There are 2 protein chains.
Amino acid sequence: LHTLWPDKQELRLVRYVSKAAAKTQLEFEYNGPSMKTEVPGPRSKELTKQLGEMQNVGAINFFCNYEESRGNYLVDVDGNRMLDYTDPLYSYWLVHRSPLFLLSAFVNRPALGIMPPENFPEKLAESLLSVAPSGMSRVQTMACGSCSNENAYKAMFIWYRNKERGHNIPSDEDMSSCMINQSPGCPDLSILSFMGGFHGRTMGCLATTHSKAIHKLDVPSFDWPIAPFPKLKYPLEEFTRENAQEEARCLEEVEDLIVQWRQKGRPVAGIVIEPIQAEGGDNHATPDFFKKLRNIARKHGSAFHVDEVQTGGGTTGKFWAHEHWGMDDPADIVSFSKKMLTGGFYHKDEPTSLWLCVSSFPGLPHCGCVCLLSQAYRIFNTWMGDPSKNLFLAEVLNVIRRENLLEEVTRSGKTLLQGLYQLQDQYPNLLSSARGQGTFCAIDIRDDATRNSIILKARDKGVLLGGCGDRSIRFRPALVFKEHHVHMFLNVFSDVLAEHN
Amino acid sequence: LHTLWPDKQELRLVRYVSKAAAKTQLEFEYNGPSMKTEVPGPRSKELTKQLGEMQNVGAINFFCNYEESRGNYLVDVDGNRMLDYTDPLYSYWLVHRSPLFLLSAFVNRPALGIMPPENFPEKLAESLLSVAPSGMSRVQTMACGSCSNENAYKAMFIWYRNKERGHNIPSDEDMSSCMINQSPGCPDLSILSFMGGFHGRTMGCLATTHSKAIHKLDVPSFDWPIAPFPKLKYPLEEFTRENAQEEARCLEEVEDLIVQWRQKGRPVAGIVIEPIQAEGGDNHATPDFFKKLRNIARKHGSAFHVDEVQTGGGTTGKFWAHEHWGMDDPADIVSFSKKMLTGGFYHKDEPTSLWLCVSSFPGLPHCGCVCLLSQAYRIFNTWMGDPSKNLFLAEVLNVIRRENLLEEVTRSGKTLLQGLYQLQDQYPNLLSSARGQGTFCAIDIRDDATRNSIILKARDKGVLLGGCGDRSIRFRPALVFKEHHVHMFLNVFSDVLAEHN
């Protein structure tokens, strides 16, 4: 009996003859199961309670110690060692097989919704929950931006139907009709979105995306209402009267559409909007618009979902762009991805609010899957994100705080926008509508062809810029964009513009 | 001037006063842009060509050297150093800020579709393409199983519409109508799926999932055809005549549905099926069924999509479960995730086949986004997977080959199934329908309550099992499940069964 880790008496080198390979194979493994407590044990229960304050835990079996798990044996946080025949997609069975797999935090990509690692609640608190939007203390992680929005939509539909029912117990007809895609189980509900909006490319998200035809072409969609997004004049503070009129027109249209779709038998379960329409051309609206829209949602019983996949993470000078609205209760759902390194959505935590919808409920037969303790699995998937990304996010947030990066962004952003205003005055035929919050800035170019030429010429001089909308250039520097970088950029941009005047 | 990396003359410590923090800050950065070649340079072009043989590269700008990128500067594989204002969500700007970020391969989560890292084509060839299904040499990575299937469906819709058009240039009406979710731009097309199937939880996938009501309840869906999956008797070889009749009945229904939905004006663009219905209860069908289904798809001009998200990766004793069918041309699309550590789908590479649909086409205005060189972006998202997962997958595949794990799985699986047959003979009131391929095995239990009790009792003895379907237990061991583990399991299982007899 040879022991690699002398402090782990029960971990042994198993020597056996592989009939397939016809030679002796060596395997580091435990010598059998070993049960110390009931499952889930006290430590798992304690962690489930902790995590339960942050997200739905109905599907969780127990918490795992992936560092101690080896070969066919999964070890839980209470020291129970079990032969694991539940589809171990996470790869702890590979740990001794390759040096790469020593990076255990990255190897073990656990099924977070069922068997999360011990440090998951702590890392969630340190990372995502430390920057939770106002009024929200619960978060659901997901692997990407589209999945975040898809699941947020599902949460709004479930919430809306429970509200219609007056309780959360589906009827037999609900249960049987949904299996064949029919109402009432699969109800005729809709999400109201805005022209120019971008919310992702999976089929639910895509039905609310209206930025470019190429994203949507040839993909079947839903008959859901689409409202106009205000087309404002910039700088916003110079055109307050016209802009207020335009916003009022759009809000009126929103209410009309909600009424129309209710009459059509396809009520609006939720409204989804970006704080700044990014992909659609960096279209801004005023805090007043968003406050009124939030109230319209409330008045008509629709959930309000703010999509911060592009705007979240600090580039607007606040961690979330909706903080510029100055509201205590800005939304029912805030989704994120990209700069957050993981996808997901925050939601409210009052028992009467949205979160109930993602909880388990007693009227349903359990799912028949791995977990026998719960009827959750409604907002769920295999990976539910990736905990290694939470580790990185916690570090990113440390850096942001330590270096006051949001203040830097605000400062650099002001200098950048001032520079764009000056260039716009200098090249009135070429540039217009400079706009931005923090370093999340954009400017319109005379036409599409000129825009593209400017981007290519800037690249030849070593500055990478992107386009958005029909003829805008967008600025999306990293959070370490300082004033000296602004000046470096403005020098190059000025040279390029001179070539196009 | 202080240099941390003495061999990088141009990388310097920038010392400046942060006005926000009111103190001196230090920053390791380059001292300005530096252009060596045109962009994309020769190395980027070469890599784009290499990658172009594996997947659509229409949206790629250039390949990056993330190891050399620092602060605001992105360095490409030709040594061009550019100020990056294109939304650097990958975090190379953090590299010197925390020891954690030295794990550069894991920090830099690049936007793979636009600016992949240099080793991406090589790692893709070593990992995913080294196990490509028969007839397929192209692969598109995605972050999760649902995104993989969603994008596979989109590819089938786009392909079908191009086939209907006879070319791939959309009309003006296509382009304008799709922006508001209307046909012909968003066409009335459908995907045919099977009762009991599970293909994911985003809204497109969910319309083809019919395993459990809890997944689907309260979420709007599409009017798409749903065919019966054969309900066979096990062991399959003992009931060949009855099973052949049942399969013929289901195939006839498939053809009827295809005709009906065509008449409804909602033609079947694709058929999606699992080689073994996993979530739905480990339902098997014979190779003959799948061969005939493939032919029906061909006859009616529908694409054939085999979903191997659960069955792929080796547990059936072959790397892909569809290899058991013995076909040279098993499918148009094979999707994967879970054990593959990354999601994605393979597709065929003949120019007349499916892949054309995911290519760029000349009739469209470019997307206006970061990339000016292409009109791709139809099958696309920000991350398109995660290259660190490809590194791990390459290692997993090395281990599988080195240790002949597929042969081991076949051997252990046979022993397991024999053991289950014996227990089934011993406990005929309790057990029935033992079935499996490799170690991907299942057995039916008398009823749901007994099933759940058995799973809990086995867990108390240190064996983790999962359920599937109404009253099945499924076995999903890791690939290192050896014959001695089978015996250990059968001993525990036998004890538990004795308690329930």
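Residues numbered from 1 in each chain as written. Chains lettered and ligands numbered in written order. Predicted model: local features only at pLDDT ≥ 70, side-chain atom pairs only at ≥ 80, totals over all residues. Heavy atoms only, no water.

K.L.:
Where do I start with the overall build of chain A in this structure?
P.N.:
The number of helices and strands found in chain A is 13 helices and 16 strands. Evaluated residue by residue, chain A yields a buried proportion of 69% over its 501 residues. Of the contacts formed within chain A by residues at least 6 apart in sequence, a portion of 67% connects residues at least 24 apart. (Helix = DSSP H or I, 4+ residues; strand = E, 2+ residues; numbered from the N terminus. Buried < 20%, exposed > 50% of the residue type's maximum accessible area, 1.4 Å probe, protein only. Contact = heavy atoms within 4.5 Å.)

K.L.:
Can you help me understand unusual backbone geometry in this one?
P.N.:
When glycine is set aside, most residues are seen to have a negative phi, and most peptide bonds are trans. Here the residue pair Val 39 of chain A and Pro 40 of chain A is connected by a cis peptide bond, since its omega of 0° sits within 30 degrees of zero. One non-glycine residue, Asp 218 of chain B, lies in positive phi territory at about 75°. The class for Asp 218 of chain B is buried, based on a relative accessible area of 0%.

K.L.:
I keep staring at the side chain of Arg 459 of chain B and nothing clicks. Help me out?
P.N.:
Here Arg 459 of chain B is to be found in helix H12 (residues 448–460). For the buried residue Arg 459 of chain B, which engages in no salt bridge, the nearest side chain bearing the opposite charge is Asp 460 of chain B, 5.1 Å off. (Lys, Arg positive; Asp, Glu negative; His and termini not counted. Salt bridge = Lys/Arg side-chain N within 4 Å of Asp/Glu carboxyl O.)

K.L.:
Explanation requested: the pattern of salt bridges in the structure shown.
P.N.:
Under the definition given, this model contains 50 salt bridges over all chains. Where Asp 329 of chain A meets Lys 348 of chain A, a salt bridge forms, and the shortest distance between an N and an O atom there is 3.0 Å. Of this pair, Asp 329 of chain A sits in the loop between strand E9 (303–307) and strand E10 (333–336) while Lys 348 of chain A sits in strand E11 (residues 343–348); the two residues are 19 residues apart in sequence, bridging distant segments of the chain. A relative accessible area of 23% places Asp 329 of chain A in the partly exposed class. The network of salt bridges with common partners includes Arg 161, Glu 164, Arg 165 and Asp 174 of chain A together with Asp 218 of chain B.

K.L.:
What is the right way to read the state of the cysteines from this model?
P.N.:
What we call a disulfide is simply a covalent bond connecting the sulfur atoms of a pair of cysteines. Residues and elements named next belong to chain A. As enumerated under the stated definition, the model contains 0 disulfides over all chains in all. Not part of a disulfide, Cys 178 finds its nearest cysteine sulfur in Cys 186, a span of 5.5 Å. With a relative accessible area of 0%, Cys 178 lands in the buried category. (Disulfide = S-S within 2.5 Å.)

K.L.:
Can you help me understand the sheet that holds strand E14 (residues 463–464) of chain B in this one?
P.N.:
Remark on secondary structure: sheet strands pair via backbone hydrogen bonds, oriented parallel or antiparallel. Ordered in space as E3(A)-E4(A)-E14(B), the 3 strands form an open sheet in which the pairing is mixed. At either margin of the open sheet sits one strand with a lone partner, and together these are strand E3 (73–75) of chain A together with E14 of chain B. In this structure, strand E4 (residues 81–84) of chain A lies alongside E14 of chain B, joined through 2 bridges in parallel fashion. Paired with Leu 83 of chain A across the two strands is Val 463 of chain B, which belongs to E14 of chain B. (Pairing = 2+ DSSP bridges.)

K.L.:
Which parts of the structure should I look at to understand helix H5 (residues 172–179) of chain A?
P.N.:
Listing the buried residues of H5 of chain A in full gives Asp 174, Met 175, Ser 177, Cys 178 and Met 179 of chain A. Tucked inside the fold, the buried residues of H5 of chain A contact helix H4 (145–165) of chain A together with helix H7 (213–216) and strand E7 (226–227) of chain B. Among the residues trailing H5 of chain A, Asn 181 of chain A stands out with phi positive, at a value near 65°.

K.L.:
Help me understand the nonpolar core in this model?
P.N.:
Generally speaking, a soluble globular protein has its nonpolar side chains buried in company with each other. In this structure, Phe 194, Ile 271 and Tyr 346 of chain B are the most contacted members of the largest nonpolar core, which totals 57 residues. Counting 56 residues, the second largest nonpolar core, distinct from the first, contains Ile 258, Val 268, Phe 304 and Leu 393 of chain A. (Core = buried A, V, L, I, M, F, W, Y, C linked by side-chain atoms within 4.5 Å.)

K.L.:
Help me out: how do you make sense of the packing of H12 of chain B against helix H13 (residues 483–500) of chain B in this one?
P.N.:
Packed helices, taken two at a time, are described by the angle their axes make and the gap between the axes. All names here are of chain B. For the pair H12 and H13, the least separation of the axes is 10 Å and the interaxial angle reads 135°. On the basis of the axis angle, H12 is oblique to H13. Viewed along their axes, H12 and H13 form a crossing whose handedness is right-handed. Here Thr 450, Ser 453, Ile 454, Lys 457 and Ala 458 of H12 come into contact with H13, specifically with Phe 493, Val 496, Leu 497, Glu 499 and His 500. Taken together, the residues that form the contact of H12 with H13 break down as 5 nonpolar, 3 polar and 2 charged. (Axes fitted to C-alpha atoms, helices over the stretch in contact; angles between N-to-C directions. Parallel < 35°, antiparallel > 145°, perpendicular 65-115°, else oblique. Left-handed = near helix turned anticlockwise from the far one by under 90°. Nonpolar A, V, L, I, M, F, W, Y, C, P; charged D, E, K, R; others polar.)

K.L.:
Just checking my understanding: could you explain the sheet that holds strand E7 (residues 226–227) of chain A for this structure?
P.N.:
All names here are of chain A. Ordered in space as E5-E11-E10-E9-E8-E6-E7, the 7 strands form an open sheet in which the pairing is mixed. The open sheet has two edge strands with one neighbour each: strand E5 (136–142) and E7. Of the strand pairs in this sheet, E9 and E10 are connected by 3 bridges, and their pairing is parallel. Along E10, the bridge assignment pairs Val 306 with Val 334.

K.L.:
Would you mind going over the packing of aromatic side chains with me for this structure?
P.N.:
Here the distance between the centres and the angle between the planes together describe a pair of aromatic rings. A complete count under the given rule lists 37 aromatic pairs over all chains for this structure. Where Tyr 30 of chain B meets Tyr 73 of chain B, the ring centres are 6.0 Å apart and the plane angle is 80°; that geometry is what we call edge-to-face. Of this pair, Tyr 30 of chain B sits in strand E2 (residues 23–30) while Tyr 73 of chain B sits in strand E3 (residues 73–75); the two residues are 43 residues apart in sequence, bridging distant segments of the chain. For the pair shown, Tyr 30 of chain B and Tyr 73 of chain B are each scored as buried. An angle of 80° between the planes, with centres 5.2 Å apart, marks the rings of Phe 319 of chain B and Trp 320 of chain B as edge-to-face. Assigned by exposure class, Phe 319 of chain B and Trp 320 of chain B land together as buried. What links up through ring pairs into an aromatic cluster is the set Phe 157, Phe 222 and Trp 224 of chain A together with Phe 157, Phe 222 and Trp 224 of chain B. Between the NZ or CZ atom of Lys 264 of chain A and the centre of the ring of Trp 261 of chain A, over which it lies, the distance is 3.8 Å. (Phe/Tyr/Trp six-rings, centres within 6.5 Å; stacked < 30°, edge-to-face > 60°. Lys NZ or Arg CZ within 6 Å of the ring centre and 35° of its normal.)

K.L.:
Just to check I follow, could you spell out the confidence of the model for chain A for this structure?
P.N.:
As a general rule, the predicted coordinates of low-pLDDT regions are not to be interpreted in detail. Residues and elements named next belong to chain A. Residue-level pLDDT values for chain A average 84, and 82% of them are 70 or greater. For the stretch residues 1–9, pLDDT sits under 50, and the model shows 11 contacts to residues farther than four places along the chain or on other chains. Segment residues 351–375 is flagged for pLDDT under 50; beyond a separation of four residues in sequence, or across chains, it makes 76 contacts in the model. The ipTM assigned to the predicted complex is 0.86, against a pTM of 0.87. (pLDDT = per-residue confidence, 0-100.)

K.L.:
Help me understand the pairing of strand E13 (residues 440–445) of chain B, please; the structure alone is not making it clear to me.
P.N.:
On a regular strand, one side chain projects to one face of the sheet and the next to the other, so that they alternate. All names here are of chain B. Along E13, 6 of the 6 residues are buried, which leaves the element largely enclosed by surrounding structure. Going residue by residue along E13, you find Phe 440, Ala 442 and Asp 444 tucked away on one face and Cys 441, Ile 443 and Ile 445 tucked away on the opposite face as well. Pairing analysis gives 5 bridges linking strand E12 (residues 431–437) to E13, with the strands arranged antiparallel. Paired with Arg 435 across the two strands is Ala 442, which belongs to E13. Note that E13 and strand E16 (residues 472–475) share 4 bridges and pair antiparallel. Of the residues in E16, the one forming a bridge with Ile 443 is Ile 473.

K.L.:
How do you make sense of the packing of helix H11 (residues 405–426) of chain A against helix H13 (residues 483–500) of chain A when you look at a structure like this?
P.N.:
Residues and elements named next belong to chain A. Put simply, H11 and H13 touch, their axes get as near as 9 Å, and they point 20° apart. Taken together, the axes of H11 and H13 are roughly parallel relative to one another. Two packed elements cross with a definite hand, and for H11 against H13 that hand is right-handed. On H13, the residues touching Arg 411, Ser 412, Thr 415, Leu 416, Gly 419, Leu 420 and Leu 423 of H11 are Glu 483, Val 486, His 487, Phe 489, Leu 490, Phe 493, Ser 494 and Leu 497. Classifying every residue of the contact of H11 with H13 gives 8 nonpolar, 5 polar and 2 charged.

K.L.:
I'm lost on the pairing of strand E11 (residues 343–348) of chain B in this one. Help?
P.N.:
Residue and element names in this part refer to chain B. The buried fraction of E11 amounts to 6 of the 6 residues, a majority that puts the element mostly inside the structure. Alternating residues of E11 divide into Gly 343, Phe 345 and His 347 and Gly 344, Tyr 346 and Lys 348, and every residue in both groups is buried. Sheet analysis places strand E5 (residues 136–142) next to E11, joined by 6 bridges and oriented antiparallel. Bridged to Arg 138 within E11 is His 347. Of the strand pairs in this sheet, strand E10 (residues 333–336) and E11 are connected by 4 bridges, and their pairing is antiparallel. Paired with Val 334 across the bridge in E11 is Tyr 346. Adjacent in sequence and paired antiparallel, E10 and E11 are bridged by 6 residues, among which Lys 338 carries a positive phi angle near 45°.

K.L.:
Would you explain the environment of Glu 38 of chain A in this entry?
P.N.:
Residue and element names in this part refer to chain A. Take Glu 38: it is sitting in the loop between strand E2 (23–30) and helix H1 (42–52). When the C-alpha atoms of Glu 38 and Asp 78 are compared, they prove to be 9.0 Å apart, with 40 residues separating the residues in sequence. With sequence-adjacent residues up to four places away left out, Glu 38 is seen in contact with Lys 45 and Asn 80. Side chain to side chain, Glu 38 and Lys 45 meet in a polar contact 2.7 Å long. (Polar contact = N/O pair within 3.5 Å; in protein donor to acceptor, adjacent residues only side chain to side chain.)

K.L.:
Just to check I follow, could you spell out the environment of Val 496 of chain A for this structure?
P.N.:
All names here are of chain A. Along the chain, the position of Val 496 falls in helix H13. For Val 496, a relative accessible area of 0% corresponds to the buried category. Each C-alpha atom, one on Val 496 and one on Lys 457, is 6.4 Å from the other, the two residues being 39 residues apart in sequence. Residues contacting Val 496, with those up to four places away along its chain left out, are Ile 454, Lys 457, Ala 458 and Lys 461.

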